[in-house]
Amino acid sequence: MLKIVLLRHGESVWNQENRFTGWTDVDLSAEGVRQARQAGALLRQHGYRFDVAYTSVLKRAIKTLDLALEEMDQLWIPVQKSWRLNERFYGALQGLNKAETIARYGAEQVRKWRRDPLEHPPALAPDDPRYPGHDARYAHLTARELPLTENLTETLARVLPYWTETIVPALRRRQQVLVCAHGNSLRALVQYIDHLTDAEVTQLDIPTGSPLVIELDDDLNRLQQYYLT
Ligand SMILES: O=C(O)[C@@H](CO)OP(=O)(O)O
């Protein structure tokens, strides 16, 4: 049996302010810091030890992982960061308040932007300061890889190579793996692992700071999944 723990970062400042975040590199809120430590304490209490951890290049996930590993006294383990684990890129919605966006475009349109796996949020223009091509951490990406907008299906398409080429080989080496990422990059991954339909993934919400344990058989079929409490 293979086992992996997925952890969504603790609450961020923009989660608290109810703003679309995406690839914006916002920090954890004080509550998010508490949630991250609590996640680490839970993992420690349940006896989890990790050989390797994977996270995004966004500080809310990096710091959550760090705080959780500190609680476990496992700050020493190797950590790999990849843009492929970043949050779904929210295009021109990034920075907007979600309630104000509902007031402007209507609840149904905003629900689709947020949860319909095929719906694209409005795209950014490449000269927009929010375009990731202006950011040194993405300098190695090709123009095709740099998003202007992303739906959940496209998020899955860029998460998947990291899953198959990096995370699964670690699991097959029988390493204990922790992945600390984001609401939508983890939803995309769970959709893939669990073979969820587009309708089913619409209903899936992963809470901040709650370790989600997934047990898989050797063919990577999901056996069980549960949140640690
Ligand atoms: O703003 C975001 O990037 C995400 C996660 O906080 O929001 P949503 O849950 O609306 O997809």
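Model, not experiment: these values are computed from the prediction.

Calculation rules
- Residues numbered from 1 in each chain as written.
- Predicted model: local features only at pLDDT ≥ 70, side-chain atom pairs only at ≥ 80, totals over all residues.
- Heavy atoms only, no water.
- Near = heavy atom within 4 Å.
- Polar contact = N/O pair within 3.5 Å; in protein donor to acceptor, adjacent residues only side chain to side chain.
- Areas by Shrake-Rupley, 256 points an atom, 1.4 Å probe, with all protein chains shown as cover.
- Nonpolar A, V, L, I, M, F, W, Y, C, P; charged D, E, K, R; others polar.
- Pairing = 2+ DSSP bridges.
- Helix = DSSP H or I, 4+ residues; strand = E, 2+ residues; numbered from the N terminus.
- Axes fitted to C-alpha atoms, helices over the stretch in contact; angles between N-to-C directions.
- Contact = heavy atoms within 4.5 Å.
- UniProt positions renumbered as here; feature names shortened; annotations may be inferred.
- Buried < 20%, exposed > 50% of the residue type's maximum accessible area, 1.4 Å probe, protein only.
- Phe/Tyr/Trp six-rings, centres within 6.5 Å; stacked < 30°, edge-to-face > 60°.
- Lys NZ or Arg CZ within 6 Å of the ring centre and 35° of its normal.

Draft legend 1. Inspection of the site of the ligand at higher detail. Residues in contact with the ligand, as listed here, are R8, N15, R19, F20, T21, G22, E87, Y90, K98, R114, R115 and N184. One of the side-chain N or O atoms of N184 is found 2.9 Å from an oxygen atom in the ligand. In isolation the ligand exposes 320 Å². Once the protein is present, 95% of that is buried. Residues that form the shell around the ligand fall into these classes: 2 nonpolar, 4 polar and 6 charged.

Draft legend 2. Looking closely at the sheet that holds strand β6 (residues 222-227). Here we have 6 strands laid out as an open sheet, ordered β3-β2-β4-β1-β5-β6, and mixed in their pairing. Each edge of the open sheet carries a strand with a single partner, namely β3 (79-81) and β6. Adjacent strand axes in the sheet meet at a mean angle of 20° when their direction is disregarded. Running at roughly 140° to strand β4 (residues 177-181), helix α3 (residues 59-71) makes contact with β1 (2-8), β2 (52-55), β3 and β4 of the sheet. Contacts from helix α6 (residues 152-172) reach β1, β2, β3, β4 and β5 (212-216), with the element oriented near 130° to β1.

Draft legend 3. Local environment of the environment of P147. Note that P147 resides in the loop between α5 (107-115) and α6. P147 sits 24 residues away from A123 along the chain, and the two C-alpha atoms are 8.6 Å apart. Those residues in contact with P147 that lie beyond four places of it in its chain are W23, F89, Y131 and P132.

Draft legend 4. Structural view of the UniProt feature "active site" (unreviewed entry) in the protein. Feature annotation in UniProt assigns "active site" (unreviewed entry) to the following positions: H9 and E87. The greatest C-alpha distance among the annotated residues, which extend across 79 residues, is 10.4 Å, indicating that they converge on a single site. If you trace the backbone, H9 turns up in the loop between β1 and α1 (13-16). In this view, H9 contacts N15, R60, A61, T64, A181, H182, T208 and G209; residues no more than four positions away in its chain are not counted. A polar contact of 3.4 Å, which involves the side chain of H9, links it to the side chain of R60. With respect to the helices and strands, E87 occurs in the loop between β3 and α4 (98-105).

Draft legend 5. Representation of the side chain of T101 in the model. Here T101 shows up in helix α4. T101 gets classed as buried once you look at its relative accessible area, which sits at 3%. In contact with T101, other than residues within four places in its own chain, are F20, L93, L96, G106, V110 and W113.

Draft legend 6. Seen up close, the environment of R84. As for its position among the elements, R84 is in the loop between β3 and α4. Those residues within four positions of R84 in sequence are excluded, and the remaining contacts are E145, R158, V159, P161 and Y162.

Draft legend 7. Structural context of the packing of aromatic side chains. Under the counting rule described, the total for this entry stands at 7 aromatic pairs. For the ring pair W23 and Y138, a centre distance of 4.7 Å and an interplane angle of 35° mean the geometry is tilted. Here Y138 lies in the loop between α5 and α6 and W23 lies in the loop between α1 and α2 (30-45), a separation of 115 residues in the sequence. The pair W23 / Y138 is uniform in exposure class, with both members buried. In textbook terms, an aromatic cluster arises when at least three aromatic residues are bridged by ring pairs, as seen for W23, W83, F89 and Y138. The ring of Y90 is capped by R88, whose NZ or CZ atom sits 4.1 Å from the centre of that ring. Looking at K98, its charged tip hangs above the ring of F20, at a distance of 5.2 Å from the centre.

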